[in-house]
Amino acid sequence: MSTPRDRDGFDDDTGRAWQEPAHLGGDEPAGEPPAQEGPPEDAPNFVDRRKQPRDSDHSVDPEAWRPAGWDLPPAEPERPAATPGPSGVDPSWAPPGAPQEQAPAPQRRGLFGGRRQRDPEMERAFTYQGDVVGAQGWALQRGWTISDGTAPEDAVLSELIASAPPRLTKDHRPGSVLRGRAGSLELVAFDAVYTSGRHVVPEYAITAAPLLGTPPPLRLSPARLWKHGVGGMVQIPSEDPDFERRWTLLAAEDGPQVRRIAGDPEVRRLLLGTDDGDEFWTAGGFLAAIRPDGHRPELIEHHTRLLTALIGALAVGS
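Residues numbered from 1 in each chain as written. Predicted model: local features only at pLDDT ≥ 70, side-chain atom pairs only at ≥ 80, totals over all residues. Heavy atoms only, no water.

Q: Explain the pattern of salt bridges residue by residue, including any values.
A: All chains considered together, the criterion is met by 10 salt bridges. A salt bridge links Arg268 to Asp240; the nearest nitrogen and oxygen atoms lie 3.3 Å apart. Residue Arg268 is found in helix α6 (residues 265-272), and its partner Asp240 is found in the loop between β8 (234-235) and α4 (241-246); the two are separated by 28 residues along the sequence. Asp240 carries the same exposure label as Arg268, and that label is buried. In this structure, a network of salt bridges that share partners links the residues Asp275, Asp278 and Arg291. (Salt bridge = Lys/Arg side-chain N within 4 Å of Asp/Glu carboxyl O. Helix = DSSP H or I, 4+ residues; strand = E, 2+ residues; numbered from the N terminus. Buried < 20%, exposed > 50% of the residue type's maximum accessible area, 1.4 Å probe, protein only.)

So this is what it looks like as structure tokens:
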């Protein structure tokens, strides 16, 4: 039977018996002085976590401690938010008794600077109004006929679309064709339309009157509009400076017939009384008028007055 003195037990080489280390809370090692009851006087004041666990450490009051910025002032939602300007001053602030100034509306700028102010007459002339009152109903009340632009007699209208002063495309076609008599003229009024998705869009209103004989190729347009397709045409002068400033008459050749248009007082009176929104030309045996709009009763009557005066001037002396 082995004893604590046996060498095959837990004795070390010096013959001393094994003992539990002091830091494990066992008995003090033999032959060593007893441990001090407290820390040395010059030792820092550390908390002994072995005797006083962290949860029981009440040296710091958790209710009294707050991190920096924890206690913020209460929010005031009724206070209006204001964005200070570059100088840090609220732009909405004004001294007491000072009149409130209304900030000017921001001016929209285009690609090349400030946007040009539009003329009300130009705005009205180039604003699509469509069939406001009902051009077809107006035509039916006067005994006119209506077609959708696919009738055999409508084939000639494609030539008017192809030769129109505005640069129309191959997608444009005649639509809502109205035929009838107005005064002394046989007229055909239709829209130059194109298809956009499932919708038919009327872009131009054309009114034309057939002419007897072969009319001279001519173009009568507002001077402010760009001219294209006028190669070989010459400008016909007028004795009225106001008419020259606002209207341009072009023809394939100068002659007394086209000069009567520029010299006719009724033609000048009617054209100078308009908003310069119409153009006139001859093609396919017609004298036609065109305007960027959809047909409506007022526009048909407007074109009728102008075409009657122009055809009357051409027919004088024929």
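Once the structure has been displayed, the description carries forward.
Q: Break down the layout of surface pockets for me, citing the residues and quoting the values.
A: Here the second largest pocket defines a volume of roughly 290 Å³. In this structure, the second largest pocket is lined by 16 residues; those nearest its centre are Pro210, Leu211, Leu212, Ile311 and Ala315. The biggest single contributor to the lining of the second largest pocket is helix α7 (residues 297-315), with three residues. (1 Å grid on protein atoms, 1.4 Å probe; cavity = no way out; pocket = protein on both sides within 12 Å on 5 of 7 lines; lining within 4 Å. Points joined across faces, edges and corners; volume = space filled by probe spheres on them.)

Q: Describe the pairing of strand β7 (residues 218-222), and please don't skip the residues or the numbers.
A: Across the five residues of β7, five count as buried, placing the element largely inside the fold. Of the strand pairs in this sheet, β7 and strand β9 (residues 247-251) are connected by five bridges, and their pairing is antiparallel. Bridge assignment links Leu218 to a residue of β9, and that residue is Ala251. (Pairing = 2+ DSSP bridges.)

Q: Any details on the sheet that holds strand β3 (residues 145-147)? Residues and values, ideally.
A: Read from one edge of the open sheet, nine strands run β3-β4-β5-β6-β11-β10-β7-β9-β8, paired in antiparallel fashion. Here the strands that pair on one side only, and so sit at the sheet edges, are β3 and β8. Here nine bridges tie strand β5 (residues 185-196) to strand β6 (residues 199-210), and the two strands are oriented antiparallel to one another. Directly across from Tyr194, in β6, lies its bridge partner Val201. The strands that helix α5 (residues 256-263) touches are β7 and β9; relative to β9, the one it contacts most, it runs at about 170°. (Contact = heavy atoms within 4.5 Å. Axes fitted to C-alpha atoms, helices over the stretch in contact; angles between N-to-C directions.)

Q: Account for unusual backbone geometry, naming residues and giving values.
A: Its identity as a non-glycine residue notwithstanding, Ser176 has a phi of 50°, on the positive side. Among the structural elements, Ser176 can be located in strand β4 (residues 173-182). For Asp276, which is not a glycine, the phi torsion comes out positive at approximately 55°. For Asp276, the position within the fold is in the loop between α6 and β10 (279-283).

Q: How would you explain empty space enclosed by the protein if you had to name every residue and give the values?
A: Following the criterion strictly, the structure yields one cavity of 30 Å³ or more and no others. Space inside the largest cavity adds up to approximately 40 Å³. As for the largest cavity, its lining consists of Gln235, Ile236, Ser238, Phe243, Glu244, Trp247, Thr248, Leu249 and Ala262. Residue assignment for the lining of the largest cavity shows that the elements contributing at least two residues are α4 and β9. Here the element with the most residues in the lining of the largest cavity is β9; it accounts for three residues. Of the residues assigned to the lining of the largest cavity, the class counts are five nonpolar, three polar and one charged. (Nonpolar A, V, L, I, M, F, W, Y, C, P; charged D, E, K, R; others polar.)

Q: Outline the packing of aromatic side chains, supporting the account with residue identities and numerical values.
A: Pairs of aromatic rings are described using the distance from one ring centre to the other and the angle between the two planes. Evaluation of the coordinates by the stated rule reveals two aromatic pairs. Measuring from ring centre to ring centre gives 5.3 Å for Trp138 and Trp144, while their planes differ by 75°; the resulting arrangement is edge-to-face. Exposure class is identical for Trp138 and Trp144. Each is buried. Measuring from ring centre to ring centre gives 6.4 Å for Trp247 and Phe280, while their planes differ by 40°; the resulting arrangement is tilted. Here Trp247 is found in strand β9, whereas its partner Phe280 is found in strand β10, with 33 residues between them in sequence. Overall, the relative accessible area of 1% leaves Trp247 in the buried class. Using a relative accessible area of 1% as the deciding quantity, one classes Phe280 as buried. (Phe/Tyr/Trp six-rings, centres within 6.5 Å; stacked < 30°, edge-to-face > 60°.)

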